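Each chain, letter by letter, is given below.
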Amino acid sequence: MNDTQYSDTGFWKKVKDFARQAGREVVEKALWLYYAAQRPETPTWAKTIIYGALGYFITPVDAIPDLTPLMGFSDDLGALAAALTMVAMYIDEGSRTRAAEKLEAWFGTDNSPS
């Protein structure tokens, strides 16, 4: 597998290495997609879109380098947001709950208004 393809190992490494820098919003969207792709009920076409977006997220070649302050993850968020729009019906409450639990473990409780 080359660096431009999705892998669980690559996903978790990217999230771990850049979670605080990328911010809660980017990581949350990536986790929603990741957990939705793990569901057997998610159809292959939706998983293909999800893995494409997550593959872009973990690839070391970005349109905007991730090390660029403030702007570095905007392209990643754009790719994740596009995928979310296309597969939103497959992101169930279980996927959101698992993502929220992981976010709480990494970032602490989110006290922002819902």
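Residues numbered from 1 in each chain as written. Predicted model: local features only at pLDDT ≥ 70, side-chain atom pairs only at ≥ 80, totals over all residues. Heavy atoms only, no water.

Basically, it comes down to this: UniProt positions are given in the numbering used here, feature names are shortened, and annotations may be inferred rather than shown by experiment.
In the nomenclature of an unreviewed UniProt entry, the protein chain corresponds to DUF1232 domain-containing protein from the organism Shewanella litorisediminis. For the record of the protein chain, the UniProt heading Subcellular location (unreviewed entry) holds the text "Endomembrane system".

### Considering the side chain of lysine 29
Rules: Strands here are runs of E lasting at least two residues and helices are runs of H or I lasting at least four, both read from the DSSP assignment and numbered beginning at the N terminus. Per-residue accessibility, obtained with a 1.4 Å probe over protein chains only, is compared with the maximum for each type, and a residue is labelled buried under 20%, exposed over 50%, and partly exposed between these values. In what follows, residue pairs with any heavy atoms lying within 4.5 Å of each other are defined as contacts.
As for its position among the elements, lysine 29 is in helix H2 (residues 24–38). With relative accessibility at 15%, the residue lysine 29 sits in the buried group. Beyond its immediate chain neighbours, meaning those up to four positions away, lysine 29 contacts Leu77, Leu80 and Leu84.

### Digging into the packing of aromatic side chains
As a reminder of what qualifies: Between 30 and 60 degrees the pair is tilted, below 30 it is stacked and above 60 it is edge-to-face, where a pair is any two Phe, Tyr or Trp rings, Trp via its six-membered ring, whose centres lie within 6.5 Å. As a reminder, the over-ring test applies to NZ of lysine and CZ of arginine, requiring each to be within 6 Å of the ring centre and within 35 degrees of the ring normal.
Within this structure, the stated rule accounts for 2 aromatic pairs. Here tyrosine 34 and tyrosine 35 contribute two aromatic rings whose centre-to-centre distance is 5.4 Å and whose plane-to-plane angle is 75°, an arrangement assigned as edge-to-face. According to the relative accessible area criterion, tyrosine 34 is buried, its value standing at 7%. Ring geometry for tryptophan 45 versus tyrosine 90: centroids 5.8 Å apart, planes at 80°, classification edge-to-face. Taken as a pair, tryptophan 45 in helix H3 (residues 44–58) and tyrosine 90 in the loop between helix H4 (74–87) and helix H5 (93–107) lie far apart in primary sequence, 45 residues in all. For tryptophan 45, a relative accessible area of 43% gives the class partly exposed. The ring centre of tryptophan 32 lies 4.2 Å from the NZ or CZ of arginine 96, which sits over that ring.

### Quick notes on the pattern of salt bridges
Stated precisely, the cut-off is as follows: Any carboxyl oxygen of Asp or Glu that lies within 4 Å of a side-chain nitrogen of Lys or Arg is treated as forming a salt bridge with it.
Enumeration according to the criterion identifies 3 salt bridges in this entry. Among the ionic pairs, arginine 39 bridges to glutamate 41, the shortest N-O distance being 3.4 Å. Since its relative accessible area comes to 51%, glutamate 41 is described here as exposed. A salt bridge links arginine 39 to aspartate 92, with the shortest nitrogen-to-oxygen separation between them at 3.1 Å. A residue pair is termed long-range when its members are at least 10 positions apart, and arginine 39 in the loop between H2 and H3 and aspartate 92 in the loop between H4 and H5 qualify at 53 residues. The structure contains a network of salt bridges with shared partners spanning Arg39, Glu41 and Asp92.

### Notes on the packing of H2 against H5
Keep this limit in mind: Axes, fitted as lines to C-alpha atoms, cover a helix only where it is in contact. Angles between the N-to-C directions of the axes lie from 0 to 180 degrees. Small angles under 35 degrees read as roughly parallel and large ones over 145 as roughly antiparallel, with 65 to 115 read as roughly perpendicular and the rest as oblique. By definition, any crossing whose near helix is turned counterclockwise from its far helix by less than a right angle is left-handed, and any crossing with a clockwise turn is right-handed.
Here H2 crosses H5 at 140°, and the two axes come no closer than 8 Å. Considering their axes alone, H2 and H5 lie oblique with respect to each other. Where H2 crosses over H5, the two elements pack in a sense that is right-handed. Contact residues: Arg24, Val27, Glu28, Leu31, Trp32, Tyr35 and Ala36 in H2; Ser95, Arg96, Arg98, Ala99, Lys102, Leu103, Glu104, Trp106 and Phe107 in H5.

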